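Residue-level structural notes
Each chain, letter by letter, is given below.
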Amino acid sequence: QWGYKDATGKIVIPPKFRYAKPFSDGLAVVEEVLLAGYIDKTGKYAIKPCYPIGAGAFNQGTAYGTKCSKEYTEKPFTISRGCVGCSWSYRIGLIDHSGKFITQPKYEQFEPISEGRRAFRLDDKWGFMDSSGKVVIEPKYAAVQPFSEGLAAVTERKWGGGFSYSFPSSWGFVDKDGKLVIPHKYPSADSFHDGLALVSENYRNISGKPEGFIDKAGKLQISSDQYLSKGFE
């Protein structure tokens, strides 16, 4: 059973929960039996348990809640060898501090907000929404990375790194409105930091040696030979 202590080690919320997460935005996700809800720092429910397959921590005023439906499965839970598990045939939506869904619970995955944009997955494609849940970049990417310094790395096809794939990933960078700023041409790409992003252009290189660092115009500024010889990390 899970509970909470304060910084001195004093128990302030008795251990009575099947599962509990850290506090965020003043609330914490807890589970009793098979439903998740949110408590405040006194241990009182702010949102009563109502989410069947977990819930997410609040981030800048929103979190995600889960919902099962016959649209996804008639049997959200399964029993095997005496243990109860979930079928994973469910969807998630954004909720506010009252527990009300502010988006339709139709999404498959959310990522934390970064620079006012939250990545989401729908029908196995990734897009971005703003902090209110409004879709600003339609889901059409195989994979994305968080926004950093105004740009996000996105790819329309994703290479798993194995030898069975006949083509590599094609990462490029978009701005917050979804405009392609740097074309899709990199087998791998990291987020921008201090004006530079680490990318790779040679997917046939088994060692995975990156090409180097590009600027926001897509121009190579530091080659792999330069930063490896100088000990960059």
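Above this text sits the structure in question.
Residues numbered from 1 in each chain as written. Predicted model: local features only at pLDDT ≥ 70, side-chain atom pairs only at ≥ 80, totals over all residues. Heavy atoms only, no water.

1. Observations concerning the pairing of strand β1 (residues 2–5)
Taken together, the three bridges between β1 and strand β2 (residues 11–17) define a ladder with antiparallel strand orientation. Among the inter-strand pairings, tryptophan 2 is bridged to a residue of β2, identified as phenylalanine 17. From the end of β1 to the start of β2, which pair antiparallel, there are five residues, and glycine 9 there has a positive phi angle of about 95 degrees. (Pairing = 2+ DSSP bridges. Helix = DSSP H or I, 4+ residues; strand = E, 2+ residues; numbered from the N terminus.)

2. A short note on the packing of aromatic side chains
Applying the stated rule across the entire model yields nine aromatic pairs. Both rings, one in tyrosine 107 and one in phenylalanine 120, keep their centres 5.1 Å apart while their planes meet at 70 degrees; by these two values the pair is edge-to-face. Highlighted residues: tyrosine 107 in the loop between β10 (91–95) and β11 (109–110) and phenylalanine 120 in strand β12 (residues 118–122), separated in sequence by 13 residues. Ring plane angle 70 degrees and centroid distance 4.9 Å describe the contact between phenylalanine 128 and phenylalanine 147, whose orientation is recorded as edge-to-face. Of this pair, phenylalanine 128 sits in strand β13 (residues 125–129) while phenylalanine 147 sits in the loop between β15 (143–144) and β16 (152–155), and the two are 19 residues apart along the sequence. (Phe/Tyr/Trp six-rings, centres within 6.5 Å; stacked < 30°, edge-to-face > 60°.)

3. Remarks on the sheet that holds strand β3 (residues 19–20)
Pairing between sheet strands relies on hydrogen bonds along the backbone, with the strands arranged either parallel or antiparallel. The antiparallel open sheet is built from four strands, whose spatial order is β3-β4-β5-β6. Strands at the two margins of the open sheet, each flanked by one partner only, are β3 and β6 (45–51). Taken together, the three bridges between strand β5 (residues 35–39) and β6 define a ladder with antiparallel strand orientation. Bridged to alanine 36 within β6 is tyrosine 51.

4. Some words on the nonpolar core
In terms of nonpolar packing, the biggest core is built from 12 residues, these being Ala143, Leu151, Ala153, Trp171, Phe173, Ile182, Tyr186, Ala189, Phe192, Ala197, Val199 and Ile214. Elements with a minimum of two residues in this core: β17 (171–174), β18 (180–186) and β20 (197–200). Ignoring anything within four residues of it in the chain, the contact list for alanine 189 reads Gln145, Ala153, Trp171, Phe173, Leu198 and Val199. (Core = buried A, V, L, I, M, F, W, Y, C linked by side-chain atoms within 4.5 Å. Buried < 20%, exposed > 50% of the residue type's maximum accessible area, 1.4 Å probe, protein only. Contact = heavy atoms within 4.5 Å.)

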